[in-house]
Amino acid sequence: MIKKYTYLTLAFLLSFALVSEETGRHEMHAFYFMQVSNPPAIVGAIDKFASSECGKKFPADMTLMAETINGSSPATHFLILSFETRADFQKAGQLANSCPEAAAMLQSFVASASQVRNSLNLPVAEFGDWTKDSIFLRYDVTLKNETAYIEAWTEMMDSLSAQDSVNGSYGINRAFAGNDQSTHFVYIGASDFDSLTANQQTLTTSSDFAKFSRKVGNNRKVINTSVVIPVKGWPKQ
């Protein structure tokens, strides 16, 4: 128990993420994948922290996501901590290391979940506001040439978006750390499951997708595809 608690504490303090200014308002994201046995307890623990004096000063948006379909991965949920600046990241580490409310939240996590993995992620291309979508497809990929992939992927998505074939957010994040399983992930969001599946059908049968596939076939390997649903968000106060 102590070992798991220490591991989660270190991950909470050290495994936040970095982002590019032109991709959106967040410069940094941290992902904590967990196998959760009691989801309401996790939500309650974050609720309690967010309403505390320490939580009110915590300089990050927090979002709990459920991995409803994710292949053989043991993760059932992941928590995203999103920072607008690198200074906020540093402040969050100081707060998490000094306030008892953060320790209490982590202790609650230990009782209701076990950590699967964590990663720091840099958004390298993002379009639309992902916080407004209610469901996502996430593709974990390994890339050989990021620049070439982003160029081909952005060309495809821009074309489909111009045709109104994509109506949610979409983007690519690079794993700055915690990249032992994949180097990047790609996401596509939608307002509901029907829209997500319809958009995916349009995308994969389009000539734009065929062109994209020819360009990146030797450049990327798709590791896994997941269906992700937001559970609850706690905006920075």
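Predicted, not measured: the structure shown is a model, and the values here were computed from it.

Along the chain, Tyr 32 falls in strand β1 (residues 28-36). Taking the C-alpha atoms as reference, Tyr 32 lies 9.5 Å from Leu 64; in sequence the two are 32 residues apart.

With that settled, consider the state of the cysteines. One pass over the structure, following the stated rule, counts one disulfide. Between the sulfur of Cys 54 and that of Cys 99 lies a disulfide, 2.1 Å long from S to S. Torsion about the S-S bond of the Cys 54 and Cys 99 cystine: about -55 degrees, corresponding to left-handed handedness. With Cys 54 in helix α3 (residues 53-57) and Cys 99 in the loop between α4 (86-98) and α5 (100-112), the pair connects residues that are 45 residues apart, well separated along the chain. Cys 99 matches Cys 54 in its accessibility class, with the two residues each being buried.

In total, this model carries four cavities of 30 Å³ or more according to the counting rule given. Computed from the structure, the largest cavity encloses a volume of approximately 170 Å³. Lining the largest cavity are 13 residues; nearest its centre among them are Phe 31, Ile 80, Trp 130, Phe 185 and Tyr 187. Only β1, β3 (77-83), β5 (135-143) and β7 (184-190) provide two or more residues apiece to the lining of the largest cavity.

Okay, unusual backbone geometry next. Residues apart from glycine generally show negative phi values, whereas peptide bonds are mostly found in trans. The backbone phi angle of Asp 164 is positive, close to 60 degrees, even though this residue is not glycine. Tracing the backbone through its elements, the reader meets Asp 164 in the loop between α6 (146-162) and β6 (170-177). For Asp 164, a relative accessible area of 65% puts it in the exposed group.

Cut-offs applied
- Residues numbered from 1 in each chain as written.
- Predicted model: local features only at pLDDT ≥ 70, side-chain atom pairs only at ≥ 80, totals over all residues.
- Heavy atoms only, no water.
- Helix = DSSP H or I, 4+ residues; strand = E, 2+ residues; numbered from the N terminus.
- Disulfide = S-S within 2.5 Å.
- Buried < 20%, exposed > 50% of the residue type's maximum accessible area, 1.4 Å probe, protein only.
- 1 Å grid on protein atoms, 1.4 Å probe; cavity = no way out; pocket = protein on both sides within 12 Å on 5 of 7 lines; lining within 4 Å.
- Points joined across faces, edges and corners; volume = space filled by probe spheres on them.

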